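The lines below spell out each chain.
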Amino acid sequence: MKKLTLLFCLSLVIGEALSQQLELEKTYKISRASKRGELSGLDYDKDAKTYTLTYLTGQKKQGDKVVFKYEQYVFDNDFNFVKDTELEEEADIMKKKFKWFKFKGDVYTKTGNTVSQQFMGGMVLKRKQVTYTYRWLLGGYTRKTELLEKVKPRTEDGKSYMLVEYAEDDINGDLYILTTINAKMGKGMDGVGDFTLLKFNSELEQVAKLDFNFPYKQSLAFMEIIDKPNPEDYEEFGIDGFNFVFAPSDVYGKKLTDPNNNNYTYVKVDANCVENEKFSFESPASYWRIDQMITGNNGEKYFYGPAQAGKDKYFNKAVAAAAPKTGGGGLIGKFGSGETKFKAVQLMKVANGKMAYLTETSLDEFKAKQSFPPSQRKTPDYEGREFGVRSYNFASNGDLIILGQNYDRNKEKGTINKFEDVLGFHFGSDGKLRAQYGLDTKEDGKIVTQSTDVHYGISTTTRITTTITRNFACPQQLIEGKDGKMYWLLREIRDIREGKLLTYPRIGSIDLKTAKVTNLTTFGRGEGFYLNPNYPTLETDKGESIVFFGADRPGKELWFARVKLK
């Protein structure tokens, strides 16, 4: 039995602003085999009140059977060691025992489809074969893709299509392609700029088609897949339909241009390419960059993104102006400054096929509703520039809190120079902004690694050192308590080891009644222990508390910490 260390059990009186208290912290040293292996599963038994950690440590063939070797560690609800076991079992038995064990054989293949656009021609559909090879040390599969035959679909009158967007169903291999007619000299412009959704089965046979009908030419402003979960594999999703938002375009001349450039259209389509919801709405800004559609607790849909309030450009021209100078952004031959200064944020709610509300929040309002931890000197703010959204979170009262992080981007290369402050946008159930939260991170997420290659010549030795700088966004999440608060967990990035980020937790809270944020408390014994990247928090029945789980830097010693939230 390995050594179990009780670090301390105490109640910290941190003051009224810091209600999170470290209640219990323990560590446990695992075997060398487990350290070399991979923590593949972590299960909590609610009846026995125990945690079971499973490490895969080996794999072998026995005839036509695949056998895995693994070690298990069991801890009680207070992280006391109960037992450890070394086992060997066939893969088929393990699949019945563990939900997380998704072994499908040493090697298996799947066929699917993909699509690409030829530079001067039409789009090309390609069948592909993906070979999956199991690597037990990685706890999953690596993949290799081989392209097979090609198909060039055309209209009934022989015209080729131009690719706009596409999506593949991971379950059955169906391929959905949003297209328009490919413009060619001497072929006329009939149908060019009109949108068509095509559906192909896994054999690349066209099985459904939808022609979108609009009185004027449109730009695609947003497309979102409606996922259909695969009950047999939680990592795979099928397609149950799409949500589209279109905006007026002025590319094709005055007669084909909607005089109202704020006249957006929402369309919902099912998996058979049948249109079942559609309405037009007035966007406060003509350029609304919809970043995400979020599904609410009751199936309602929320569309969120920044907008160029006060500008009168058509959507297509605003997108072109925002494209990087080096190209990209889905545009051909139209390059702008590479950065857009947005003046507002828009949020739209759709319920029962109708728009429930559409709100516009200006930068002035964001500024007026700032809220910071009381002890924080820095006052980070959303200024309408680069901002990476990390998560969308609904509270039980219907409020929506959007978490993200400011970052600085290289305008020429398009790469991120650094990540900056963490922000939270708190919207009420009516879509109006309640508060803008700003947190100053302790770590900048910048990790610099060096490697040296030594070259030996006849009379000389040359050393070449390569330095690589990488920037990582701070992982974060919200956990709702029963006390009317949302607990904000930051995973501050200290370093990286064997491709995995070493992070430690800081936690504060948002009061849903007052829309105020508290100071943050740091856990993790300084540089000693870091959160597990796959299981940073564990389930518990200890009331209003959160359990952090991780290990030391080498991965030899497990770390458990239970924090009382109030």
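Note that this is a predicted model, so its numbers are computed, not measured.

**Remarks on the sheet that holds strand β10 (residues 161-168)**
- Taken together, 4 strands build an open sheet; the order of strands is β10-β11-β12-β13 and the sheet is antiparallel. Looking at which strands have only one partner, the edges of the open sheet turn out to be β10 and β13 (206-211). Taking each pair of neighbouring strands and ignoring which way they run, the sheet shows an average axis angle of 20°.
- Where strand β11 (residues 175-181) lies against strand β12 (residues 196-200), 5 bridges are found, and the strand directions are antiparallel. Along β12, the bridge assignment pairs Ile177 with Leu198.

**Topic: the packing of aromatic side chains**
- Under the counting rule described, the total for this entry stands at 50 aromatic pairs.
- When the ring of Phe212 is compared with that of Phe246, the centres are 5.3 Å apart and the planes differ by 55°; the resulting orientation is tilted. Placement of Phe212 in the loop between β13 and β14 (218-229) and of Phe246 in strand β15 (residues 237-248) is noted, with a sequence separation of 34 residues between them.
- The exposure class assigned to Phe212 is buried, which follows from its relative accessible area of 5%.
- On the basis of relative accessibility, which here comes to 0%, the residue Phe246 falls in the buried class.

**A word on the sheet that holds strand β4 (residues 50-62)**
- Pairing in this open sheet of 4 strands is antiparallel, and the strands run β3-β4-β5-β6 from one edge to the other. Taken across any chain shown, the strands that pair with only one partner, and hence form the sheet edges, are β3 (38-45) and β6 (81-90). Here the strands of the sheet are splayed against their neighbours by 20° on average, with no regard to which way each runs.
- Pairing of β4 with strand β5 (residues 65-76) involves 12 bridges; the strand directions are antiparallel. Looking across to β5, one finds that Leu56 is bridged to Tyr70.

**Here's the deal with the pattern of salt bridges**
- In the structure shown here, the tally under the stated rule is 23 salt bridges.
- Of the charged contacts in the structure, one is a salt bridge between Lys199 and Asp174, with a shortest N-O distance of 3.7 Å. Linking Lys199 in strand β12 with Asp174 in the loop between β10 and β11, this pair joins segments that are 25 residues apart in sequence.
- The class of Lys199 is buried, set by a relative accessible area of 9%.
- A salt bridge links Asp421 to Lys378; its shortest N-O distance comes to 2.9 Å. Placement of Asp421 in strand β25 (residues 416-427) and of Lys378 in the loop between β22 (370-371) and β23 (387-394) is noted, with a sequence separation of 43 residues between them.

**What to know about the environment of Gly122**
- Inspection of the secondary structure puts Gly122 in the loop between β7 (107-117) and β8 (123-135).
- Setting aside residues up to four positions removed in sequence, Gly122 forms contacts with Gln117, Ser160, Tyr161 and Asn182.

**Digging into the confidence of the model for the protein chain**
- Across the protein chain, pLDDT averages 85, with 88% of residues at or above 70.
- In the model of the protein chain, strand β1 (residues 4-8) stands out as the element of lowest mean pLDDT, 38, in contrast to strand β16 (residues 263-270), which has the highest, 98.
- Note that pLDDT drops below 50 for residues 1-18; the model gives that stretch 40 contacts with residues more than four away or on any other chain.
- Considering only residues more than four positions removed or in separate chains, one finds that residues 325-338, a stretch of pLDDT under 50, has 28 contacts.

**Some details on the environment of Tyr504**
- One can find Tyr504 in strand β31 (residues 500-511).
- C-alpha separation for the pair Tyr504 and Gly528, spaced 24 residues apart in sequence, amounts to 9.4 Å.
- Looking at Tyr504, its side chain comes within polar contact range of the side chain of Glu443, at 2.8 Å.

**What about unusual backbone geometry?**
- For Lys49, which is not a glycine, the phi torsion comes out positive at approximately 60°.
- With respect to the helices and strands, Lys49 occurs in the loop between β3 and β4.
- One non-glycine residue, Asn352, adopts positive backbone phi at about 55°.
- Along the chain, Asn352 turns up in the loop between β20 (344-351) and β21 (354-362).

The rules we used
Starting afresh in each chain, residues are numbered from 1 along the sequence in its written order. Predicted model: local features are reported for residues with pLDDT of at least 70 only, side-chain atom pairs are reported and counted for 80 or more only, and whole-chain, interface and lining totals are derived from all residues. As a convention, hydrogens and water are excluded, and side-chain values are obtained from all of the structure's heavy atoms. A strand pair is defined by DSSP finding two or more bridges across the two strands. Secondary structure is summarised from DSSP: a helix means a run of H or I of at least four residues, a strand means a run of E of at least two, and numbering begins at the N terminus for each. Every axis in this analysis is a line fitted to C-alpha atoms, fitted for helices over the stretch in contact. Angles between the N-to-C directions lie between 0 and 180 degrees. Geometry of aromatic contacts follows a simple scheme: Phe, Tyr and Trp rings, the Trp one being its six-membered ring, pair when their centres are within 6.5 Å, and the pair is stacked under 30 degrees between planes, edge-to-face over 60, tilted otherwise. Each residue is placed in one exposure class: buried if its accessible area under a 1.4 Å probe, protein chains only, is under 20% of its type's maximum, exposed if it is over 50%, and partly exposed if it falls in between. Definition used for salt bridges: Asp or Glu carboxyl oxygen within 4 Å of a side-chain nitrogen of Lys or Arg. We call two residues contacting when some pair of their heavy atoms lies within 4.5 Å. What pLDDT expresses is the predictor's confidence in each residue, scored from 0 to 100. Two N or O atoms count as a polar contact when they lie within 3.5 Å, although within protein this holds only if one can serve as hydrogen donor and the other as acceptor, and sequence-adjacent residues are included solely when both atoms are side-chain atoms.

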